[in-house]
Amino acid sequence: MKTLKERNKQVNWHPYTQMKSVDIIPIVSGNGSYLYSEDGTAYIDAVSSWWVTLHGHSHPYIASKVTDQLNTLEQVIFAGFTHPKAIELSERLLALLPRNQQKVFYSDNGSTAVEVALKMCIQYHVNLQQPRNKIIAFKNAYHGDTFGAMSVSERNFWTSPFHDRLFEVVFIDTPTQENLPTLFETIDAYVEDVVCFIYEPLVQGAAGMLMHEAAHLSELLNYCQSKGILLIQDEIFVGFGRTGTLFAADQLTCNPDVMCFSKGLTGGTMPMGITTATSAIYEAFYADEKTKAFFHGHSFTANPLACSAALASLDLLLEPETMKKINLISEMHQVFSKKIPKEKALVRHCGTILAIELKFDEKSSYFNSKQPFLYDFFLKRNIIMRPLGNIIYLVPPYCISESDLEVIYDSILELVESN
Ligand SMILES: *Cc1c(COP(=O)(O)O)cnc(C)c1O
């Protein structure tokens, strides 16, 4: 009999993976912050399965809510029809977001949420009969893998085969006290023609958990808004408690025009994306002319199963115990950060996110030759960690136990000290 590994190798092609050099581990079940492989090994999921799992794997409460929904209504076309779970989720989510967010547009994942946001902003100006051309994004940005999302992301070797086919974007530095005046100048140079500015607030995840100050970002955003530039806040990674507050928006003084959500939205249970918008944006599409409508949609738009998973996840997230746990994880990260010798590594910390950029002789990069060594180092200790090059990071499910966090910290210290 062939093993799962062998059967997998024969038929499956994995994301972000050089298939020739990889050993894929079959996972057969999950529980809390653990994933169990075919041979019974229990792994601590230190990266929340690509940053999505909030309350742990196979959470019984989410499972029961999704099961109920599955037995009631599994899917319905969302053009011409709606359903109670989509209404309830939109109502509850909007109540938690900056007050100017008034409408919810559903899609399937983070990249589609970004596509929707970009198309909304582009068509907004078209509908107002003032089409604009330039889009601004941060250097080192990551907004997804579809073409629009790739276009507003950092050009690197991930995107290099497609560079000729990506639209032009003005990339600016993330804000610091020193560079703000220069950023304002850059913005002024394009201002009349800017469609929107898209950014990951506070933490640039895929770039290696790069962080900037909320106060500086607020200043930049307020400046953009004063110049009439639409703001797209990509909270796909940072939303739902990751940065220590429910949303990164809760740490900023400027309310964006459009927001994107996915990843933790359903607690990591079902794929779903959400793009929210202000009334002003919505109004630009609301007209007698059919041509002004937003012609975008996916087969599974607002899938009822995904909506009920998101509602169940919100229930869990809003329990006082969960917010307390998020704060506890943040405090533990803070205490642990101090134990890392400065000459060995740079440490970045924001809420439940902890990144450690190891100093090797080699330059920091995703292709850093130490990556496979680091990955294996943790795997051997039954910890799932997916270093971004020479940057290791912790993005744990909120249900992780203090002792499991300590196990991970100990392994990190062992690694840092042996380097
Ligand atoms: C993961 C991510 C995306 C893309 O989401 P997918 O669901 O993987 O398509 C977009 N923006 C940010 C900030 C992300 O971290």
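Residues numbered from 1 in each chain as written. Predicted model: local features only at pLDDT ≥ 70, side-chain atom pairs only at ≥ 80, totals over all residues. Heavy atoms only, no water.

- Looking up the protein chain in an unreviewed UniProt entry gives the name Adenosylmethionine-8-amino-7-oxononanoate aminotransferase, with the organism given as Imtechella halotolerans K1.
- Its UniProt record, at the heading Catalytic activity (unreviewed entry), says of the protein chain: "(8S)-8-amino-7-oxononanoate + S-adenosyl-L-methionine = S-adenosyl-4-methylsulfanyl-2-oxobutanoate + (7R,8S)-7,8-diammoniononanoate".
- According to its UniProt record, the protein chain has this under Cofactor (unreviewed entry): "pyridoxal 5'-phosphate". (UniProt positions renumbered as here; feature names shortened; annotations may be inferred.)

Focus: the packing of aromatic side chains
Line of reasoning, step 1. For the structure shown, the criterion picks out 21 aromatic pairs.
Line of reasoning, step 2. Ring centres 6.2 Å apart and planes at 85° place the aromatic pair F157 and W158 in the edge-to-face group.
Line of reasoning, step 3. The exposure class assigned to F157 is partly exposed, which follows from its relative accessible area of 34%.
Line of reasoning, step 4. Residues F336 and Y409 carry aromatic rings whose centres are separated by 4.3 Å and whose planes lie at 15° to one another, so their mutual orientation is stacked. With a gap of 73 residues between them, F336 in helix 11 (residues 320-337) and Y409 in helix 13 (residues 402-418) connect regions that are remote in the sequence. Here F336 and Y409 have matching classes, each one buried.
Line of reasoning, step 5. Taken together, Y16, W50, Y142, F157 and W158 form an aromatic cluster joined through their ring pairs.
Line of reasoning, step 6. For the cation-ring pair, K103 lies above Y282, with the distance from its terminal atom to the ring centre recorded as 4.4 Å.
Line of reasoning, step 7. Of note, R381 hangs over the ring of F377, and the distance from its end group to the ring centre comes to 3.6 Å. (Phe/Tyr/Trp six-rings, centres within 6.5 Å; stacked < 30°, edge-to-face > 60°. Buried < 20%, exposed > 50% of the residue type's maximum accessible area, 1.4 Å probe, protein only. Helix = DSSP H or I, 4+ residues; strand = E, 2+ residues; numbered from the N terminus. Lys NZ or Arg CZ within 6 Å of the ring centre and 35° of its normal.)

A closer look at helix 11
Line of reasoning, step 1. If you check helix 11, its first and last C-alpha atoms are 26 Å apart, about what 18 residues at 1.5 Å a residue would give, namely 26 Å.
Line of reasoning, step 2. Regarding helix 11, the residues found buried are T322, K325, I326, I329, S330, M332, H333, F336 and S337. Seen end-on, helix 11 carries its buried residues on one side only, within an arc spanning 160°. In this structure, helix 11 carries P320, E321, K324 and V335 as exposed residues pointing more than 90 degrees from its buried face.
Line of reasoning, step 3. Where the residues of helix 11 are buried, they touch helix 10 (304-317), strand 13 (345-350), strand 14 (353-358), strand 16 (391-394) and helix 13. (Expected span 1.5 Å × (residues − 1). Arc of directions from axis to C-beta. Contact = heavy atoms within 4.5 Å.)

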